[in-house]
Amino acid sequence: MPAVFRNDWEPIMQEEMSRPYYLELRRQLAEEYRSQTVYPHMNHIFQALHLTSYSDTKVVILGQDPYHGPGQAHGLSFSVMPGVRQPPSLQNIFKELRSDLGCPIPNHGCLEHWAKQGVLLLNAVLTVRDGQPNSHKGLGWETLTDRIIAAIGAREKPAAFILWGRHAQQKAGFIDRSRHWVLATAHPSPLSAHNGFFGSRPFSKCNEFLRATGQQEIDWRVPDL
């Protein structure tokens, strides 16, 4: 599991990765990758942190765990690589984006365009077994992602947190709402999207917050390939 961060996540993550719980998580993951099919590829586990530095993070979009189908997960929550069919949750995200801001639905599902603007696309759990959603719950990832959220929450620079689903909303206690903005809604999954995700206008509301705090808005439109 590569754990070299070539940005300012390095000191934060290296301190955390020396703790006993993470060493045990790493041991369990080594066995999982050896004996099971696990997503994403181990080289992509921390892709969200590699693409979006600590100081540049303006928005955190938090999901549950990676996609559990072949070729889908690549280390960014809700994103798939070009050429991979858009999963239903991502289709619903794009539908809400179109309804909210009028952005056309793109011809692919890769969200790196967001990540490179300061949108940290994080899951509460960073790995999953093939075909077994939430199968790596309780291994220790939750503790690590708690620390990531807490680190962003401790900054003076305000950030927007978009928490989709119950597992993401469990992180809300690490966020100082007097300084940061939080939107917690249902998950975009077809099972729950009609229970408060659709119509929540997360993208325009997020940009309103960024404008109000003197930060550049996110260009949410995902360019076609």
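Everything here concerns the structure above.
Presented here is a report on the structure given in the accompanying data block. (Residues numbered from 1 in each chain as written. Predicted model: local features only at pLDDT ≥ 70, side-chain atom pairs only at ≥ 80, totals over all residues. Heavy atoms only, no water.)

## Here we look at the nonpolar core
Put simply, the rule is: In these notes, a set of buried Ala, Val, Leu, Ile, Met, Phe, Trp, Tyr and Cys residues joined through side-chain atoms within 4.5 Å is what counts as a nonpolar core. Type-normalised accessible area, obtained with a 1.4 Å probe on protein chains alone, sets the label of each residue: buried when under 20%, exposed when over 50%, and partly exposed for intermediate values. Residue contacts follow a heavy-atom distance rule, with two residues in contact if any of their heavy atoms lie within 4.5 Å.
F46, V59, I61, W114, W141 and W220 are the most contacted members of the largest nonpolar core, which has 68 residues in total. Residues contacting W141, with those up to four places away along its chain left out, are Y22, L25, L29, I45, F46, A124, V125, L126, T127 and H136.

## Comments concerning the packing of aromatic side chains
To keep it simple, the criterion reads: Working definition: rings of Phe, Tyr and Trp (its six-membered ring) pair if their centres are within 6.5 Å, and the pair is stacked with planes under 30 degrees apart, edge-to-face with planes over 60 apart, and tilted otherwise. By definition, any uninterrupted DSSP run of H or I lasting at least four residues is a helix, any uninterrupted run of E lasting at least two residues is a strand, and each is numbered from the N terminus.
Throughout the structure, instances matching the rule amount to 11 aromatic pairs. Judged by centre distance (5.2 Å) and plane angle (65°), the ring pair of W9 and Y54 falls under edge-to-face. Placement of the pair is W9 in the segment before α1 (10-16) and Y54 in the loop between α3 (47-51) and β2 (59-63), with a sequence separation of 45 residues. Look at W114 and W220: their rings are 4.9 Å apart centre to centre, the planes differ by 85°, and that puts the pair in the edge-to-face class. Linking W114 in helix α5 (residues 112-115) with W220 in the segment after α8 (202-212), this pair joins segments that are 106 residues apart in sequence. Each member of the pair, W114 as well as W220, carries the same accessibility label: buried.

## Remarks on the pattern of salt bridges
When the charged atoms of two side chains lie near each other, side chains of opposite charge can form a pair. Defined as follows: What counts as a salt bridge is simple: a side-chain nitrogen of Lys or Arg found within 4 Å of a carboxyl oxygen of Asp or Glu.
Using the criterion set out here, one finds 11 salt bridges in the structure. One salt bridge in this structure joins E31 and R34, with 2.7 Å as the shortest N-O distance. In this pair, E31 and R34 are both assigned in helix α2 (residues 20-35), 3 residues apart and thus about one turn of the helix distant. The partner of E32 in a salt bridge is R129, and the shortest N-O contact between them spans 2.7 Å. Of this pair, E32 sits in helix α2 while R129 sits in strand β4 (residues 128-129), placing them 97 residues apart in sequence. Taking relative accessible area as the criterion, E32 reaches 12% and is therefore assigned buried. A residue is classified by how much of its surface remains accessible, and R129, at 23% relative accessible area, is partly exposed. Taken together, the shared-partner salt bridges connect E15, E16, R19 and R147 into one network.

## Notes on the sheet that holds strand β5 (residues 160-164)
Selection rule: Here, any two strands with at least 2 DSSP bridges between them count as paired. Axis angles are defined between N-to-C directions and span 0 to 180 degrees, where every axis is a line fitted to C-alpha atoms and, for a helix, only to the segment in contact.
Sheet architecture is open: 4 strands sit in the order β3-β2-β5-β6, paired in parallel fashion. Only two strands of the sheet have a single neighbouring strand rather than two, namely β3 (119-123) and β6 (181-185). Geometrically, the sheet is characterised by an average inter-axis angle of 15° between neighbouring strands, direction not taken into account. Sheet topology places β2 next to β5; 4 bridges connect them, and they run parallel. Across the sheet, residue V59 finds its bridge partner in β5, namely A160. This element, helix α6 (residues 141-153), spans β2, β3 and β5 of the sheet and lies at about 155° to β3. Packed onto the sheet, α8 meets β2, β5 and β6 and runs at close to 160° relative to β5.

Purely spatial values, then, with no claim about function.
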